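# Secondary and tertiary structure notes
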Amino acid sequence: MSRNSDNTRISRVKTRGSAFSNQLKGRDSKGKRNVASFGAHDTELHYEESVIHPQILKQARRNGHLNLSNRSMAEVPNIVWNINKITPEEGQQLSLIMDETDGQRWWDQVVLNKLILASNKLTTISSEISNLVDLTVLDVHDNQLTCLPDTLGDLLALNKLNLGHNHLETLPKNIFFLKELRSLFLQYNQIDVLDEDVGHLTLLEHLDLSYNKLKSVPYTLGYLSHLSKLNLSNNKLKSLPPEVGNMCALRCLDITHNALTKLPDEIGNLFQLEQLFVRHNQLVCLPFLKSCTSLKELQAGNNRITEVSEGLLETIKCVKILDLRDNKISTLPEKITVLQELERLDLTNNSLSSIPYSMGTMPCLKSLLVEGNPMRSIRRDILQQGTVHLLRWLKSRMEDNLFTRDSDGISSDHQQLDKHALHVMHILDLSSKDLKNIPEELVKKAATEEVTSINLGKNALTDISPCLDILASKVSELNLSFNKFSSLPQIIGNFSKLVYLDLRNNQLGDLPLGLSKLSTLRELNLCNNRFEEIPTVVFTFSKLEILFASDNKITFINVSGLAKLSVLTTLDLRNNNITNVPPELGNLRQLRSLLLEGNPFRNPRPAILAKGTPALLNYLRDRIPC
């Protein structure tokens, strides 16, 4: 075929493509609008083109996904419900147009399987949605829907349906026969009754019914054997059916903010349960969770619980987070220490007068909150100094009790006391011995006992013997207080697992940069030294929670340095030479205790300081220049 013939053929194809394009847009063969031929249909196309660009529809026909969210639509254009329908004529013209544009073929078109209509102003969904039989995902959350068409039940391929944040009061029964449904989101609606047919959704894995008006849920929930996450929070539930214990795949159960007075014992059968949220109910006790061996988080705050039974503790040995705040608990059993993996325990606002000293030995506990209890056995200043200090205090009291109970006269025999501390408590205690150097033999003995705590306080030390380095890899607590150090040896930087370091009452004016390797340090005491500023190396301790630096000669507050300590909760700068408190200090919102008394600054006034840390931080933030 000649080149002229090829050019002629291509010209004809382009002409046909242009003619079809003009036809769709209501134009004649010369491209002029043909009003008489199209009329109302043309107006409809014009409206739909203004809502949905043709390119979006074209793309949807290629990949099967159509996203029309955030368009302020009050109704869905009809072309959406008929997007899968292409006449033979359209197909012929479509193939010619695609031949000349990007090489796609009409038979490459796919049916719509994902439709997103979220965040619009829809009040209804057309019954023609049944045309989209291949939909696997339908998202219409954040609209104004008050009802749904029965034809929604025709979407048998649907596996994700999001109807959250609407005004639905009831649901079509057909929804509960969508056998392929895996995720059903119904949060923030007005649903007051859940149909028993929900039990037919046997493949459902995630069900969210939070923020509705449910007063009860049907026993058929127990049939959902694949359900892994169930959210019933913020309803009006007064009870749960015992059949919930049959949901053998359930990992997360959220029933916070309801009116539950009791939980069924069958919840203890949920052997895969990892998270149980029951806050803000009216529970007076918790059931034994006998088979919940996978439970990692139990939040039961804001209830009416009066005790934590030993039986319960025995069944939740693997829990890492336990929230019991705002209850009526008056005693805590010694058995609490069976929770060897516990990392956070919140006992705020209960009726506790004491807590077991043995809690000081819990190996993983990083956060122990006991504010708002009528504690008589623990001084308030200890409670305010944070978890590390509190746990250390509890541990020391337990040690004191051990020594007191010993019938061999341990308290009067220092050598025997040291032996006991080494073997039982893994503590090398050489405090109050008037030492000028450290006995190397005792250090070697301590290494064989794998000590984790060293107390060299109240001696006459001016330096640290290099032999102490053999203990550096194990020790988490080091007390060098009440000695005569004018500088700190670099060897301290080798204590890489150090959590607590006490340097108070020495003659220190700075700290070596080699201490920057103390990446796990959580509490540092620098009180009663000769510091004129907070040492620069302190700002490298990223896990530091507590910093005591009172009774020094500090003249200014390094806010930019302190801002690097993102978990710092206690900062004590009392009795220094600070003449100005920078307002930017108020941006350190994580501070729970900020102590500035005894400095020569004029503002904030003593009346502001007396109001406590939150008021002080607010006062400072209000004075940050705009």
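### Details of the overall build of the chain
When you go through the chain residue by residue, the secondary structure sums to 14 helices and 21 strands. Counting across all 626 residues of the chain, residues that qualify as buried make up 48%. Considering only contacts within the chain whose residues lie at least 6 apart along the sequence, 37% involve residues at least 24 apart. Surface summary for the chain: the accessible area is close to 30000 Å², and the carbon and sulfur share equals 48%.

### Things to note about the sheet that holds strand β21 (residues 593–595)
With parallel pairing, eight strands are arranged side by side in an open sheet as β14-β15-β16-β17-β18-β19-β20-β21. This sheet does not close on itself; its edge strands, each paired only once, are β14 (427–429) and β21. With direction set aside, neighbouring strand axes in the sheet form an average angle of 5°. Where strand β16 (residues 477–479) and strand β17 (residues 500–502) come together, three bridges link them in parallel fashion.

### Regarding empty space enclosed by the protein
The tally for this structure, following the rule as stated, stands at one cavity of 30 Å³ or more. Reported here for the largest cavity is a volume of approximately 60 Å³. Counting only elements with at least two residues in the lining of the largest cavity, the list comes to β13 (367–369) and α9 (387–405). For the lining of the largest cavity, a count of residues per class yields five nonpolar, two polar and two charged.

### Focus: the environment of Gly 598
Residue position: Gly 598 is located in the loop between β21 and α13 (606–609). The spatial distance from the C-alpha of Gly 598 to the C-alpha of Asn 576 is 6.8 Å, given a sequence separation of 22 residues. Excluding residues within four positions of it along the chain, Gly 598 makes contact with Asn 575 and Asn 576.

### What about the side chain of Thr 569?
With respect to the helices, strands and loops of the structure, Thr 569 is situated in the loop between α12 (559–562) and β20 (570–572). Take Thr 569: its relative accessible area is 13%, and that puts it in the buried class.

### Comments concerning the side chain of Ser 183
Summarising the element assignment, Ser 183 is placed in strand β5 (residues 183–185). Apart from residues no more than four positions distant in its own chain, Ser 183 is found in contact with Asn 159, Lys 160, Leu 161, Leu 204 and His 206.

### Considerations on the pattern of salt bridges
A side chain with one charge can pair with a side chain of the opposite charge if their charged atoms come near. Applying the stated criterion across every chain yields a total of 18 salt bridges. A salt bridge links Glu 274 to Arg 251; the nearest nitrogen and oxygen atoms lie 3.0 Å apart. You can see Glu 274 sitting in the loop between β8 (252–254) and β9 (275–277) and its partner Arg 251 sitting in the loop between β7 (229–231) and β8, a full 23 residues away along the chain. It is possible to trace a salt-bridge network through shared partners that takes in Arg 325, Asp 326, Arg 344 and Asp 346.

### Quick notes on the packing of aromatic side chains
Counted under the stated rule, the structure contains three aromatic pairs. Aromatic side chains Tyr 219 and Tyr 223 sit 6.0 Å apart centroid to centroid with 90° between the ring planes, which places their arrangement in the edge-to-face category. For Tyr 219, a relative accessible area of 37% gives the class partly exposed. Judged by centre distance (6.0 Å) and plane angle (80°), the rings of Tyr 357 and Trp 393 are edge-to-face. Remark: Trp 393 occurs in helix α9 and Tyr 357 occurs in the loop between β12 (344–346) and β13; sequence separation between them is 36 residues. Residue Trp 393 is classed as buried on the basis of its relative accessible area of 13%.

### Observations concerning the environment of Glu 343
Within the element layout of this structure, Glu 343 appears in the loop between β11 (321–323) and β12. On the accessibility criterion, Glu 343 (30% relative accessible area) is partly exposed. Note: C-alpha distance between Glu 343 and Met 362 (19 residues apart in sequence) is 9.0 Å. The residues touching Glu 343, leaving out its near neighbours within four places in the chain, are Lys 320, Cys 364, Leu 365, Lys 366 and Ser 367.

### Here's the deal with the nonpolar core
Of all hydrophobic cores here, the largest spans 99 residues; its most connected members are Leu 115, Leu 117, Leu 138, Ile 355, Met 359 and Leu 368. For this core, the secondary-structure elements that each account for two or more residues are α4 (54–63), α5 (78–81), α7 (310–315) and α9. For this core, the leading source of residues is α9, giving four residues. Those residues within four positions of Leu 115 in sequence are excluded, and the remaining contacts are Leu 66, Val 80, Trp 81, Leu 132, Leu 135, Val 137, Leu 138 and Asp 139. Grouped together as the second largest cluster of nonpolar side chains are 64 residues, Leu 456, Leu 508, Phe 531 and Phe 601 included.

### Observations regarding the environment of Lys 517
Among the structural elements, Lys 517 can be located in the loop between β17 and β18 (523–525). In contact with Lys 517, not counting residues within four places along its chain, are Gly 493, Asn 494 and Ser 496.

### A few points about helix α14 (residues 613–621)
Buried within α14 are the following residues: Thr 613, Leu 616, Leu 617, Tyr 619, Leu 620 and Arg 621. Those residues of α14 that are buried lie in contact with β21 and α13.

### Regarding the confidence of the model for the chain
Confidence in the prediction for the chain averages 85 pLDDT; 84% of positions are at 70 or higher. Low confidence marks residues 1–47, where pLDDT is under 50. Its contacts with residues over four positions away, or in another chain, come to 35 contacts. In the model, residues 98–104 has pLDDT below 50 throughout and makes 13 contacts with residues more than four positions away in sequence or in other chains.

The rules behind these values
- Residues numbered from 1 in each chain as written.
- Predicted model: local features only at pLDDT ≥ 70, side-chain atom pairs only at ≥ 80, totals over all residues.
- Heavy atoms only, no water.
- Helix = DSSP H or I, 4+ residues; strand = E, 2+ residues; numbered from the N terminus.
- Buried < 20%, exposed > 50% of the residue type's maximum accessible area, 1.4 Å probe, protein only.
- Contact = heavy atoms within 4.5 Å.
- Areas by Shrake-Rupley, 256 points an atom, 1.4 Å probe, with all protein chains shown as cover.
- Pairing = 2+ DSSP bridges.
- Axes fitted to C-alpha atoms, helices over the stretch in contact; angles between N-to-C directions.
- 1 Å grid on protein atoms, 1.4 Å probe; cavity = no way out; pocket = protein on both sides within 12 Å on 5 of 7 lines; lining within 4 Å.
- Points joined across faces, edges and corners; volume = space filled by probe spheres on them.
- Nonpolar A, V, L, I, M, F, W, Y, C, P; charged D, E, K, R; others polar.
- Salt bridge = Lys/Arg side-chain N within 4 Å of Asp/Glu carboxyl O.
- Phe/Tyr/Trp six-rings, centres within 6.5 Å; stacked < 30°, edge-to-face > 60°.
- Core = buried A, V, L, I, M, F, W, Y, C linked by side-chain atoms within 4.5 Å.
- pLDDT = per-residue confidence, 0-100.

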